[in-house]
Amino acid sequence: MTDRPGKHRALLRSALKRALILAPILPALGADTREALLLGGPAVVAATWLSLHLLPPQRPLRLIRFLALLPGFLWRSLLGGVDVAWRAFHPRMPLNPGWASVPSDLPDGGKVALGAEFSLMPGTLVAGTRDGRLLVHMLDADQHLEGAVRLEEARIARMLGQPDTAHESLPTSGAGPS
Amino acid sequence: MIDAASLLLSVAGLIFFLAGTVGILRFPDTHSRLHALTKADNLGLGLIALAVALQAESWAAIAKIVLIWALVLLAAGTSAQLVARVALQQGGAPGSGRDDAGPDAVGSTPSGQRDPAG
């Protein structure tokens, strides 16, 4: 492709990181004997190769920051489940569905990650993008969305190793359900 | 003690699965139903996975449960977006009742494009 050594090194680093993510799947599947690893090792290499082809590395993924996001994400997805279950069981079914479109500067992969996260958070669901704006469906149209989007966007941007310009304008009110 | 915790977590998980189903039946439009399906079922599975993990006999078994749950989580977050996008393009699934007017109803900058997301 190219003979610039910096680019090669970046590609190699991405490959190693992805292999590091994929490799723990092997023991989880029960492949912990030497014979199993003879098959599993090449499988990890093949999966890494496929991953690099399907999603070429754009920005370096910060594994530590990705892991740091997990607890908060799990907690908010728990809140999301409780929130929607409460609305479903409530006799009067408190719903006030509506739409919002929120601008986002994340790259495409980052938008998908943000969308997946928002689809599990309380009261929000992403239905694709239009002109770089996320189309967000809300169970409660009065929900304050902009703050939560900025907050999550900044987190994902940091995970993707972008310069976090959005950091200064972080609002404090945020991811709550109401 | 651990059995009691497993039992409690499974029952809680089942309640959230039930909530997801109730939401699909009661909620008025495709997108609201998708909220119920994605979020409540995801939490239900998480609780049941936790209940089963407490009964697991090896770390490998726990790792397998975590892997399954992580894959389902990933799939739920992704497929919810895809279904939501298609439902938006088609103006709500047939028989879903009145889906509201879509993002165009919001007072955001008008884009002039009829077809969202290309």
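In this text the structure is predicted, and so the values were computed from the model without any measurement. (Residues numbered from 1 in each chain as written. Chains lettered and ligands numbered in written order. Predicted model: local features only at pLDDT ≥ 70, side-chain atom pairs only at ≥ 80, totals over all residues. Heavy atoms only, no water.)

1. A word on the interface of chain B and chain A
If you look at the interface, chain B gives 43 residues, while chain A gives 47 residues. For the interface between chain B and chain A, the tally reads zero salt bridges. Counting every contact that joins chain B to chain A gives eight residue pairs in polar contact (both at pLDDT 80 or more). Contributions of two or more residues to the side of chain B that touches chain A are made by α1 (2–26), α2 (30–55) and α3 (59–89) of chain B. Ranked by residues supplied to the side of chain B that touches chain A, first place goes to α3(B) with 12 residues. Looking at the side of chain B that touches chain A residue by residue, the class counts come to 23 nonpolar, 13 polar and seven charged. (Contact = heavy atoms within 4.5 Å. Salt bridge = Lys/Arg side-chain N within 4 Å of Asp/Glu carboxyl O. Polar contact = N/O pair within 3.5 Å; in protein donor to acceptor, adjacent residues only side chain to side chain. Helix = DSSP H or I, 4+ residues; strand = E, 2+ residues; numbered from the N terminus. Nonpolar A, V, L, I, M, F, W, Y, C, P; charged D, E, K, R; others polar.)

2. Brief notes about helix α3 (residues 34–54) of chain A
At 3.6 residues per turn, the α-helix brings residues three or four places apart onto the same side. Residue and element names in this part refer to chain A. Look at α3: 30 Å from first C-alpha to last across 21 residues, which is about the 30 Å you get at 1.5 Å a residue. Within the span of α3, buried status applies to Gly40, Val44, Thr48 and Leu52. Residues of α3 that are buried make contact with α1 (5–22) and α2 (25–28). (Expected span 1.5 Å × (residues − 1). Buried < 20%, exposed > 50% of the residue type's maximum accessible area, 1.4 Å probe, protein only.)

3. Looking at the domain arrangement of chain A
Segmentation of chain A into domains returns domain 1 (5–54) and domain 2 (63–169). Computed over C-alpha atoms only, the centres of domain 1 of chain A and domain 2 of chain A are separated by 30 Å. (Domains from an automatic or database assignment.)

4. Topic: the side chain of B:His31
Inspection of the secondary structure assignment puts B:His31 in helix α2. Within the structure, the side chain of B:His31 is placed 2.9 Å from the backbone oxygen of B:Ala84, a separation counted as a polar contact.

5. Points about the confidence of the model for chain A
When pLDDT is averaged along chain A, the result is 80; 88% of the residues meet or exceed 70. Across residues 163–178 of chain A, where pLDDT falls below 50, the model places 21 contacts with residues more than four positions away in sequence or in other chains. (pLDDT = per-residue confidence, 0-100.)

6. A few points about the pairing of strand β1 (residues 98–103) of chain A
Residue and element names in this part refer to chain A. The element β1 is extensively covered by neighbouring structure, given that five of its six residues are classed as buried. With six bridges connecting them, β1 and strand β3 (residues 133–138) associate as antiparallel partners. If you follow Ser101 over to β3, its bridge partner there is Leu135. (Pairing = 2+ DSSP bridges.)

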